[in-house]
Amino acid sequence: MHVDLRSISGRHAAASRASPASVRSLDLKIASGEQVAVIGPSGAGKTTLLHLIACALRPSGGGLLLEGRDPWSITPRELQRLRGELFLAPQVPPLPARQRVVTAVLAGRLPHIGLWHALRSLFYPTGIAEADEALARFDLADKLFARVDRLSGGERQRVGLARALLSQARLVLVDEPLSALDPSRAHQALDTLTQWAQERGATLVATLHDVPLALAHFPRIIGMREGQVAFDLPAAEVTPALLQDLYAQERPAAPPSLEEPRAVPAVVMHCR
């Protein structure tokens, strides 16, 4: 799906009307099937940008075109249909605590199945094999019938990503999908997600705090700062000097290094 942002502005959903815009007069084009990582310091507007693209947040200025259409000028029915072609994965997946993992993953198909089928699947899930296959790609096949509240934070994040694999989305937007994962799991998760998007020809946009992971897995890197694009470059052209400028005001943490973090063994924690 082709994305075209034209001088778009918007506030975070939790911000008051008096607060300044989180995204300000931003211009950006993303080609259909492209894979893009958005990096930048906290408060740069990365999450707001994703919500604007996902039609989850109405722009306060400028405009958005998806496949050449303005989602805010079409009928509510057409907008609902368009949203069915988008998948937004928040940093904390909205998974009900007592829900089974299989049901949570199958929820990725909800925009494309009827109401009766959706209600029936809560008690008699169909498509279990597909859910199992999606979970297996994230090394979670053994959690198929586990309850969500028995999972660690990292496992919940991977369940949220597995849900994306069952969607029929043409545009996938993931917000900090690796915050609870160790380096080894993070690499595996991004490998799986980018490979799946490539197989389907889906457009993939991910916000990441881990700069080395972004550089290793995405061909195009967008640096955001204070609600605007600081740079938009191929990964090979992102230099330490650019990163120094991008994260210059972050204290006390030092700017991210281009070096890969050392992998550590995965540790599974069960939250009860």
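Overview of the structure. No experiment lies behind these values; they were computed from the predicted model shown. (Residues numbered from 1 in each chain as written. Predicted model: local features only at pLDDT ≥ 70, side-chain atom pairs only at ≥ 80, totals over all residues. Heavy atoms only, no water.)

## Things to note about the overall build of the chain
Step number 1: A tally of regular secondary structure across the chain gives nine helices and nine strands.
Step number 2: Buried residues in the chain amount to 47% of all 272 residues.
Step number 3: By sequence separation, contacts in the chain at least 24 residues apart represent 69% of the contacts at least 6 residues apart.
Step number 4: Per element, the accessible surface of the chain, about 13,400 Å² overall, is 52% carbon and sulfur. (Helix = DSSP H or I, 4+ residues; strand = E, 2+ residues; numbered from the N terminus. Buried < 20%, exposed > 50% of the residue type's maximum accessible area, 1.4 Å probe, protein only. Contact = heavy atoms within 4.5 Å. Areas by Shrake-Rupley, 256 points an atom, 1.4 Å probe, with all protein chains shown as cover.)

## Remarks on the sheet that holds strand E7 (residues 203-207)
Step number 1: Spatially, six strands are ordered E5-E6-E7-E3-E8-E9 in an open sheet, and the strand pairing comes out mixed. Edge positions in the open sheet fall to strand E5 (86-89) and strand E9 (228-234), since each of these has one partner strand only. Taken over all neighbouring pairs, the strand axes of this sheet differ in orientation by 15° on average, direction set aside.
Step number 2: Sheet topology note: the strand E3 (residues 35-39)/E7 ladder contains four bridges and is parallel. Among the inter-strand pairings, valine 36 is bridged to a residue of E7, identified as valine 205. (Pairing = 2+ DSSP bridges. Axes fitted to C-alpha atoms, helices over the stretch in contact; angles between N-to-C directions.)

## Considerations on the pattern of salt bridges
Step number 1: Applying the stated criterion to the full structure yields nine salt bridges.
Step number 2: One salt bridge in this structure joins arginine 137 and glutamate 199, with 3.6 Å as the shortest N-O distance. Separated by 62 residues along the polypeptide, arginine 137 in the loop between helix H5 (128-136) and helix H6 (153-166) and glutamate 199 in helix H7 (residues 183-200) bring together distant segments of the chain.
Step number 3: For arginine 137, a relative accessible area of 25% corresponds to the partly exposed category. (Salt bridge = Lys/Arg side-chain N within 4 Å of Asp/Glu carboxyl O.)

## Thoughts on the packing of H5 against H6
Step number 1: Two numbers describe how H5 lies on H6: the axes approach to 9 Å, and their chain directions differ by 130°. When the axes of H5 and H6 are compared, the pair comes out oblique. When the axes of H5 and H6 are compared, the crossing they make is right-handed. Where H5 abuts H6, its residues Glu130, Ala131, Ala134 and Leu135 lie against Val159, Ala162, Leu165 and Leu166.
Step number 2: The class makeup of the residues in the contact of H5 with H6 is seven nonpolar, no polar and one charged. (Parallel < 35°, antiparallel > 145°, perpendicular 65-115°, else oblique. Left-handed = near helix turned anticlockwise from the far one by under 90°. Nonpolar A, V, L, I, M, F, W, Y, C, P; charged D, E, K, R; others polar.)

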